[in-house]
Amino acid sequence: MRRYILKRLMLGLLTLIGVSIIIFVAVRLSGDPVLLLVSADASQEEIQRVKVELGLDKPIPIQYLIFMKNSVKGDFGRSTRYHRPALELVLNRLPATIQLALLAFLVSVGLGITIGVISVTRKGSWLDFSGKTFAMLGQAMPEFWIGIMAMLIFSVKLGWLPTSGRGGLTHLILPSLTLGWFSAASIMRLTRSSMLQVMGSEYIKTARLKGNPEWVVVWRHALRNALIPVIAMGGIQLGRLLGGAVIVESIFGWPGLGQLILDGIYSRDYSIVQTGVFVTSTFFILLNLATDMTYGIIDPRIRYE
């Protein structure tokens, strides 16, 4: 177990280095931020002075090495837009994104597993048909369209929920449902297919022959063994929800990390983009490791080598 965790951590470290190189180069392809910081009639001397101040006068490999050296110390640079440490800004926005992603994850897992199990136990019925329709629509309709339609119906027309901002529970309902919609459909489809395989197993027949109630056979015996691929999918989906909330945060004006990264891209704020992606990548890698660890809890037959 310890050897497996160390191996995964090393792979995670290499992945982080790869991600940092890609995002470091990619943000520099978006344009020169100095041109946004100086006046339109700035002289070449003034432009060069700002470049030197930001460390952008050096070759990109040298800039990257300086970035990595400072990152190890916890210094991810200063935002050229907010004039504050980038890590501080990212960490200030992170709780809002985690709050939104966790609620969206709970919604997607709850809906996906429940609808998937009901679809299997009522195979061929209108409930099964409704479940499959839900999965198809969930994966076919883009998040931005769902968010706009939900806002139009429940906020503008009916006036039941706020259109944007972060506040109480009512502010969370539309963004979390919009963000979790696609994941719920994915989890539902996987739960259904996994349950169909498990329900035909010999031990399920044995459980029924022992006189167990059907709900015990389904929810205790079948679902537990069908959960392993669903857990793997859930870990990936949670990482996607954390890193992919940019569109939903923009639609609903949610003051999260995705919105901050998007603003950083528009203003060519290298430090904000690099730090935001680095933090979300770290979360994604740790979530995948935690997901792998739960396999052994669900199925004790699994061994880590």
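Residues numbered from 1 in each chain as written. Predicted model: local features only at pLDDT ≥ 70, side-chain atom pairs only at ≥ 80, totals over all residues. Heavy atoms only, no water.

Side note on the overall build of the protein chain
As a reminder of what qualifies: Secondary structure elements follow DSSP: runs of H or I no shorter than four residues count as helices, runs of E no shorter than two count as strands, and numbering proceeds from the N terminus. Burial classes: relative accessible area under 20% of the type maximum marks a residue as buried, over 50% as exposed, and values in between as partly exposed (1.4 Å probe, protein chains only).
On a plain count of helices and strands, the protein chain comes out with 13 helices and zero strands. Shown N-terminal to C-terminal, the secondary structure of the protein chain runs as helices and strands in the order α-α-α-α-α-α-α-α-α-α-α-α-α. With the C-alpha coordinates of the protein chain rotated into their principal frame, the extents come out at 85 × 55 × 30 Å. The burial tally for the protein chain puts 42% of its 305 residues in the buried class.

A few points about the layout of surface pockets
Note the following rule: Buriedness of a pocket was judged along seven lines, with at least five required to meet protein on both sides within 12 Å; pockets are open sets of points on a 1 Å grid over the protein atoms alone, cavities are sets where a 1.4 Å probe fits but cannot get out, and lining residues have an atom within 4 Å of a point. Grid points are joined across faces, edges and corners, and a volume is the space filled by probe spheres set on the points. Gly falls in the polar group here, along with every residue not listed as nonpolar (Ala, Val, Leu, Ile, Met, Phe, Trp, Tyr, Cys, Pro) or charged (Asp, Glu, Lys, Arg).
Of the voids in this model, the largest pocket is the one considered here, and its volume is about 570 Å³. Around the largest pocket sit 26 residues that line it, and Leu54, Gly55, Gly77, Arg78 and Ser271 are the ones nearest its centre. It is helix α4 (residues 60–72) that contributes the most residues to the lining of the largest pocket, four residues altogether. For the lining of the largest pocket, the class distribution of residues is ten nonpolar, nine polar and seven charged. Here the second largest pocket defines a volume of roughly 290 Å³. Lining the second largest pocket are 17 residues, and of these Ile146, Ala150, Phe154, Leu177 and Trp181 sit closest to its centre. Within the residue set of the lining of the second largest pocket, elements represented by two or more residues are α5 (86–121), α7 (143–157) and α8 (169–199). For the lining of the second largest pocket, the element with the most residues is α8, which contributes seven residues. Residue composition of the lining of the second largest pocket, by class: 15 nonpolar, two polar and no charged.

A closer look at empty space enclosed by the protein
Under the definition given, this model contains one cavity of 30 Å³ or more. Space inside the largest cavity adds up to approximately 30 Å³. Along its surface, the largest cavity is lined by Arg8, Leu9, Ile285 and Leu289. Sorting the residues of the lining of the largest cavity by element identifies α1 (2–28) and α13 (270–298) as the ones contributing at least two each.

With respect to the environment of Ile98
Rule in force here: Any two residues whose heavy atoms approach within 4.5 Å are treated as being in contact.
By secondary structure assignment, the location of Ile98 is in helix α5. Between the alpha carbons of Ile98 and Gly256 there is a distance of 8.4 Å; along the sequence they are 158 residues apart. Apart from residues no more than four positions distant in its own chain, Ile98 is found in contact with Leu242 and Phe283.

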